[in-house]
Each structure stands twice: as C-alpha cells, then as structure tokens.
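Report on the structure
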Amino acid sequence: MRCNCDSLDELQDDRDWSWLIDNGSPNGNRLSYEGSNDGYPTDVLVIANLEDLDTASYSCNCKVGPYKTVQFNSPDVQMSVMRPPGIPKEISLLETTMDTLTIAWKNEEDMGVVLDYKISYKKVGSTAYREFSTGVSVTNHLIKNLDPLTEYYVKIAAANNAGSGTYSEIATFTTAQPSESRPVIVGPKNLIVTSDNAYLLETGLGIDISLTCEVNSYPASVVEWSLNDRTITTEPTGGMPNNFERSVLNKSDFTSVYMLYIKSTVLRTMVRTAA
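Please read these numbers as outputs of a predicted model, since none were measured by experiment. (Residues numbered from 1 in each chain as written. Predicted model: local features only at pLDDT ≥ 70, side-chain atom pairs only at ≥ 80, totals over all residues. Heavy atoms only, no water.)

**Quick look at the side chain of Thr100**
Position of Thr100 relative to the elements: it lies in the loop between β7 (89-96) and β8 (101-106). Judged by relative accessible area, Thr100 falls into the buried class, the value being 14%. There is a polar contact of 2.5 Å between the side chain of Thr100 and the side chain of Thr97. In this view, Thr100 contacts Glu95, Leu142, Ile143, Lys144, Leu146 and Thr175; residues no more than four positions away in its chain are not counted. (Helix = DSSP H or I, 4+ residues; strand = E, 2+ residues; numbered from the N terminus. Buried < 20%, exposed > 50% of the residue type's maximum accessible area, 1.4 Å probe, protein only. Polar contact = N/O pair within 3.5 Å; in protein donor to acceptor, adjacent residues only side chain to side chain. Contact = heavy atoms within 4.5 Å.)

Listed below in structure tokens is the structure:
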C-alpha cells in the first residue's frame, strides 16, 4: 500500500510516516516498509503472503516540516482477503432428458465467498473433460447438448476472485432414451393412405417404384423391408434423434404387400401395390 502525503514543496523531503491497522500499529514478520533500511515506516507498507487475519482497516499518518507540526491523516481503507471457496458436495440429479441433465448440489458450511461454479463433465470412457462456468452462484444448473442414453461423469468446483476451489467428488448420471416413433412411408407422391399403417399405391405394369421410409426414432439399430414376410433389405439407420434417415426400395412387383419395421421396436407400416 502506498500513502500519498501532499504538502508544501519545501517540506517534501522532511516527513515522518506511521501506519495503523484497525487503529493499532502494524506488526509481524510479514510486514515491512519499502525503501526502509532501519525498520522505520515509509510511505509504502508491504504485506507478504496475505492471510485471512490481514482482513482489516488500514490508514496512514504523515507529519511534515522541521518540527513535524503539519500532520495529514488518510481515510481508512478496508481490505478484505479472499481465498478460493470450499468444495461442493452431494451432487444430485433433478431431471434428465435424452440430451440434457439438470443437476443440483450443496455447499460446505464454511464455503466462503462463491461467485460462480465450474462444471466439468465427460462421457464414461472418454479421456478429456469439458468445462464451463455457470456465471452465477445458484446451486443448480442445466447441462445441454448431450447424447441420448449415455452415462456421464460430472464434477463441480466453486470459484471467486481468488480462483477456483477443489473439485467435488465425481457423480455419474445417465441421459434418457427418447420415446420410439413408428416408421412412416413418404414416397412416392401418389401413395394413398388407407389406415394408420396401410397405404395403397396404384401404378402401371413394368414400371419401377421407389418406396421411401422416414424414421425419427433412437436407437433404431436397423430398418428392414419385407416382401410377404420375407426380408429383402436391411440397412443401418446410423441416425441421431430428430434427423430423418431414409431407406429406399425399388421394385416392379405390383401385386405384393410390403412391410416395413424398425427391428428394435417391431413397429410395422404396410404398403400395398396394385395394378
């Protein structure tokens, strides 16, 4: 800390300094004065290796002139020494969806000042954590953009202006599996819907047809097309939720019934073609 003592120019080099800490004289091995060779106070007070007990009110006193009769007292300066916060505990799961986790946690009794939290998470089996700051001191948060039906490790550290505290113990949570949706046949354009799971396609002989299926479900391991209960194609969907995957079948048989189903859910949509 530096104390500035304004006075007449001719008095500049003739001064006595004194410092007060909570109205008492400073002492201790960690206190010194910049530029002092004899231990007497100067205009700069140095405190090494700040500790909690250094939180106090500081002021300085300056006497100038040949007889030190002109005196200046500074206003008090309150200094607060901050240390990193304690460790969050008891991480719990409030809600989960297929791509989010809403978590909550508690703080130690002697937590100290907390300005925000750092949340680190990764998939079980992954090597690197992803980390972000919540920016607030609220003890719950939503983790977004996760993969469905996936297990994650989560740990939390509290932070303030002094830095981040120690990370909590690791908690393990799993995202939800989305609800399945049935496959839908969307092409060709002249399909006629006859019921919830049946379509009628009327076309001429000797013409190829293209039946297109949209699947919006996860996890759907394979999509299968069947002709009269006999599997004719099997294609991995390879898709993520909300991304349509298309399986296309080209045939020129106009008298048979085609069946489509997702193997993992055994849902069926039938297409009938007729001459």
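**Examining the environment of Gly125**
In this structure, Gly125 sits in the loop between β9 (116-123) and β10 (130-133). Counting along the chain gives 28 residues from Gly125 to Tyr153, while the straight-line C-alpha distance between them is 9.3 Å.

**Some words on the pairing of β10**
As paired elements, β9 and β10 share 4 bridges and run antiparallel to each other. Across the sheet, Tyr121 pairs through a bridge with Arg130, a residue of β10. Between β9 and β10, which pair antiparallel one after the other, the connecting turn spans 6 residues, and Gly125 there sits at a positive phi close to 100°. (Pairing = 2+ DSSP bridges.)

**Describing the packing of aromatic side chains**
Counted by the stated rule, this structure contains 3 aromatic pairs. Centre to centre, the rings of Tyr121 and Phe132 are 6.3 Å apart; their planes meet at 70°, and the pair counts as edge-to-face. Here Tyr121 is found in strand β9, whereas its partner Phe132 is found in strand β10, with 11 residues between them in sequence. The rings of Tyr121, Phe132 and Tyr152 are connected pair by pair, giving a single aromatic cluster. The ring of Tyr129 has Lys155 lying over it, and the distance from NZ or CZ to the ring centre is 4.3 Å. (Phe/Tyr/Trp six-rings, centres within 6.5 Å; stacked < 30°, edge-to-face > 60°. Lys NZ or Arg CZ within 6 Å of the ring centre and 35° of its normal.)

**A word on the sheet that holds β8**
Spatial strand order, β7-β8-β11: 3 strands in an open sheet with antiparallel pairing. Each edge of the sheet is formed by a strand with only one pairing partner; in this case those strands are β7 and β11 (140-143). Neighbouring strand axes in the sheet, compared pairwise and without regard to direction, differ in orientation by 25° on average. (Axes fitted to C-alpha atoms, helices over the stretch in contact; angles between N-to-C directions.)

**Focus on unusual backbone geometry**
Backbone geometry at Glu90 places phi at a positive 50°, although glycine is not the residue there. Position of Glu90 relative to the elements: it lies in strand β7.

**Let's talk about the pattern of salt bridges**
For the structure shown, the criterion picks out 2 salt bridges. Across the pair Lys106 and Glu90 runs a salt bridge, and its minimum N-O distance is 3.2 Å. Pair noted here: Lys106 is in strand β8 and Glu90 is in strand β7, with a separation of 16 residues, a long-range link. Between Lys123 and Asp147 there is a salt bridge, with its nearest N and O atoms 2.3 Å apart. (Salt bridge = Lys/Arg side-chain N within 4 Å of Asp/Glu carboxyl O.)

**What to know about the environment of Thr97**
Its place among the elements puts Thr97 in the loop between β7 and β8. On the accessibility criterion, Thr97 (29% relative accessible area) is partly exposed. Sequence-wise, Thr97 and Thr175 are 78 residues apart; in three dimensions their C-alpha atoms are separated by 5.8 Å. Non-local contacts of Thr97, meaning those with residues more than four positions away in its chain, are made with Thr175 and Ala176. Within polar-contact distance, the side chain of Thr97 engages the side chain of Asp99 at 3.2 Å.

**Observations regarding the pairing of β8**
For β8, the buried fraction is high: 5 of the 6 residues fall into the buried class. Relative to β8, β7 runs antiparallel, the two sharing 5 bridges. Along β8, the bridge assignment pairs Ser92 with Ala104. Taken together, β7 and the strand that follows it, β8, pair antiparallel across an intervening segment of 4 residues. Strand direction decides the pairing type here: β8 and β11, joined by 4 bridges, are antiparallel. Bridged to Ala104 within β11 is Asn140.

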